[in-house]
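Results of the structural survey
Residues per chain, in single letters:
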Number of protein chains: 2
Amino acid sequence: MGSGKEVFRRTRKLQASLEDAGEQALLVGNRRNVFYLTGKDAGRIVVTPDESVLFVRPLYRQLYSSLYGRGFPHRVVDFEEGAIKGFLKKEGVRKVCLDSGSAGALADYRKRLGVRVSVSDLVERQRAVKSDFEVDLIKKSCRIAHDAVYFAGCLLKPGKKELDVVADVEAFIRRRGSETPSFDDGMLLASGRRSADIHARPGLFPLLRGPVVVDLGAKIGGYNSDVTRTFGFGRLTAREKEVMDFVRELQQSAADLVRPGAVAGDVHKFAEEELKKAGFMFHHNLGHGVGLDIHELPNLSGKSEDVFKPGMVITVEPGVYLPRHFGVRHEDTFLVTKSKPKNLTA
Amino acid sequence: MGSGKEVFRRTRKLQASLEDAGEQALLVGNRRNVFYLTGKDAGRIVVTPDESVLFVRPLYRQLYSSLYGRGFPHRVVDFEEGAIKGFLKKEGVRKVCLDSGSAGALADYRKRLGVRVSVSDLVERQRAVKSDFEVDLIKKSCRIAHDAVYFAGCLLKPGKKELDVVADVEAFIRRRGSETPSFDDGMLLASGRRSADIHARPGLFPLLRGPVVVDLGAKIGGYNSDVTRTFGFGRLTAREKEVMDFVRELQQSAADLVRPGAVAGDVHKFAEEELKKAGFMFHHNLGHGVGLDIHELPNLSGKSEDVFKPGMVITVEPGVYLPRHFGVRHEDTFLVTKSKPKNLTA
């Protein structure tokens, strides 16, 4: 199936939800949402239950028009000053919802559009449940990430610099066809006591003894993957080994709770409780949805009321961080299915 | 000079501007702004004319405390539910400004903080003018970007795939010590008619004849660089050569207008006018500030009223894009000085 049909179906589905929600119009400005609905990430879209208009700069009008045939669900018009306002007026729209990308400029849109505005996560919620087309791309992306993280493990040799390993691993990910090097700031690789720093960035210094945290991903057709392994570098202490085993086992038991109908916040709380019993604090969320964004819905924090559904793709990534000592994290990307979640990076 | 003294000086300068602006407090949530004021990018800061408090998760309290000695300008406290609200109340603050990172959640902060909130770009405007410490880092970053873009030019051989070239160039940038692969989505490399697509991403297909646009950067100590070259691949047409010469010359003449006191919008308009005379449309801004963000103040759009000052670091990057044919862009990173701007990527 080509992506022409796919963006057509996504737009129709969104229009149906818009109608169900009793909304007149949705303004889509987040570039991932625009990509989701068009296959390109330029412009803004106004979706109503009956129509969808893509406003793009003149250069992009030609590019979009030639991209798809009749499968393209949007009317493409030039994005000029006042164009969106004019369209809303012509259609008699008196209230418009903004997506996450537009919501930041809420006050500005309130002035500019001349209609009532509110915020809606309709696109983000639709994106949380993946189609077969999306799952296929995520699987390809996960395969590259899986191979890359083990390649990283093979490159950990005494005297090597962190950034040399990163250079080779990112090049490997690229040569396999990844559209981005992995994450916004590149892959994470932290050795020695720096493994306890969640914000550590690799540098031009030699690898240090102890657990080495390697966190990376790939991107295929716009779709991300996310995997973390903690490798032992040099002789590990009994304590280090014990924590590494503990985190790996906790990830497995937390992932086992990811079933349709389960509440994401409850699974986070289970992991937090297990960590507490073992004497650790949990310093981040258990995981996150993965798709066009590396972090998207569903939310896997302790407060999340998001309910798992088949087709959601998430990470499960417990970690233990002991400042001045070491850190350990174990992460895979999972597809929520009717029964057991499928580990896509195993 | 270590970065302890530097973050101290930056914070004092911000406190002075806050006092000049007659503001009681500034809430800093943008992670680049937090990095600018602390040297790390975790947490939120509340700055008042007399004090500065950094709210971080417990894991980070230890990390920050050990990072600097007495040069650290912030009191570090645990970032717990209601902590910021409690601090504002205790200090008798009735109105707080939010920086760009916090402004997106304006409505939410309005509810949560229990005080009046507004938006301020005080930090962003301070960041637009670089200290010597910052210029040194940007120069290092520019040197890597300069070398990398010419390395890319050397790798353009018939039959090579776009992503193979990207893999080698990004690895080169990493091995030289860059903390990120270049941009959020990695470097841009577009050949053939895809060079006319500003949003083109490199792929697993062979390089095509014609102008090849290569746009990349490095990051050192948090500071970015940005450079674009258009290389001829295979035999160029007379038209292609003519456009390449035109864009290169236009960049030079636009850069010549970047003097202290000049208005950024006027320089953009000059370039737009020159392009129009030659029969082209300008499809993006003439450039942008470069620093901790790849795009920051000053703004070089046609509407910008930002005035150039010595110490600003900007790009000048005119381009011509002819859909279905080819595109050309020429970009360097410049330091605004008292006289002629200094090209840091030449």
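Conventions we followed
- Residues numbered from 1 in each chain as written.
- Chains lettered and ligands numbered in written order.
- Predicted model: local features only at pLDDT ≥ 70, side-chain atom pairs only at ≥ 80, totals over all residues.
- Heavy atoms only, no water.
- Least-squares fit on C-alpha atoms with pLDDT ≥ 70 in both.
- Salt bridge = Lys/Arg side-chain N within 4 Å of Asp/Glu carboxyl O.
- Helix = DSSP H or I, 4+ residues; strand = E, 2+ residues; numbered from the N terminus.
- Buried < 20%, exposed > 50% of the residue type's maximum accessible area, 1.4 Å probe, protein only.
- Domains from an automatic or database assignment.
- Contact = heavy atoms within 4.5 Å.
- Buried area = accessible area lost by both parts, 1.4 Å probe.
- Pairing = 2+ DSSP bridges.
- Axes fitted to C-alpha atoms, helices over the stretch in contact; angles between N-to-C directions.

Overlaying chain B on chain A yields an RMSD of 0.0 Å, the required transformation being a rotation through 180 degrees with an accompanying axial translation of 0.0 Å. Expressed as an axis order, the relation between the two copies is that of a two-fold axis.

Here the focus is the pattern of salt bridges. One pass over the full model with this rule turns up 58 salt bridges over all chains. Put simply, B:Arg239 and B:Glu242 hold a salt bridge, and the shortest N to O gap is 3.9 Å. Of the two residues, B:Arg239 and B:Glu242 are both situated in helix H10 (residues 238-255); the distance of three residues between them amounts to about one turn of the helix. For B:Glu242, a relative accessible area of 47% translates into the label partly exposed. Through salt bridges that share partners, A:Arg32, A:Arg127, A:Lys130, A:Asp293 and A:Glu296 make up one connected network.

A word on the domain arrangement of chain A. Residues and elements named next belong to chain A. As assigned here, chain A comprises domain 1 (3-128) and domain 2 (132-343). Each side of the interface is counted separately: domain 1 has eleven residues, and domain 2 has 14 residues. The three residues of domain 1 that bury the most area against domain 2 are Arg32, Arg127 and Ala128, which together make up 51% of that side's buried surface. Run the count over domain 1 and domain 2 and you get four salt bridges. We note a salt bridge from arginine 10 to glutamate 134, for which the minimum N-O separation is 3.8 Å.

With that settled, consider the sheet that holds strand S6 (residues 116-119) of chain B. Residue and element names in this part refer to chain B. As summarised here, the arrangement of the six strands in space is S4-S3-S2-S1-S5-S6, forming an open sheet in which the pairing is mixed. Of all strands in the sheet, those with a lone pairing partner are strand S4 (75-78) and S6, marking the two edges. The sheet shows a mean angle of 25 degrees between the axes of neighbouring strands, direction not considered. Of the strand pairs in this sheet, strand S5 (residues 95-98) and S6 are connected by four bridges, and their pairing is parallel. Residue pairing for S6: cysteine 97 is matched across the bridge by serine 118. The sheet contacts of helix H1 (residues 3-20) involve strand S1 (26-28), strand S2 (44-47) and strand S3 (52-56), and relative to S2 the element is tilted by about 50 degrees. Along the sheet, helix H6 (residues 106-113) makes contact with S1, S2, S5 and S6, crossing S6 at roughly 150 degrees.

Quick look at the pairing of strand S17 (residues 332-335) of chain B now. Residues and elements named next belong to chain B. Burial along S17 is two-sided: Asp332 and Phe334 facing one way and Thr333 and Leu335 facing the other are all buried. In this structure, strand S14 (residues 313-316) lies alongside S17, joined through four bridges in antiparallel fashion. The residue of S17 that forms the bridge with valine 313 is leucine 335. Sheet topology note: the S17/strand S18 (residues 342-343) ladder contains two bridges and is antiparallel. Within the sheet, the bridge partner assigned to phenylalanine 334 lies in S18 and is asparagine 343. Remark: six residues form the turn of the hairpin made by S17 and S18, two consecutive strands paired antiparallel.

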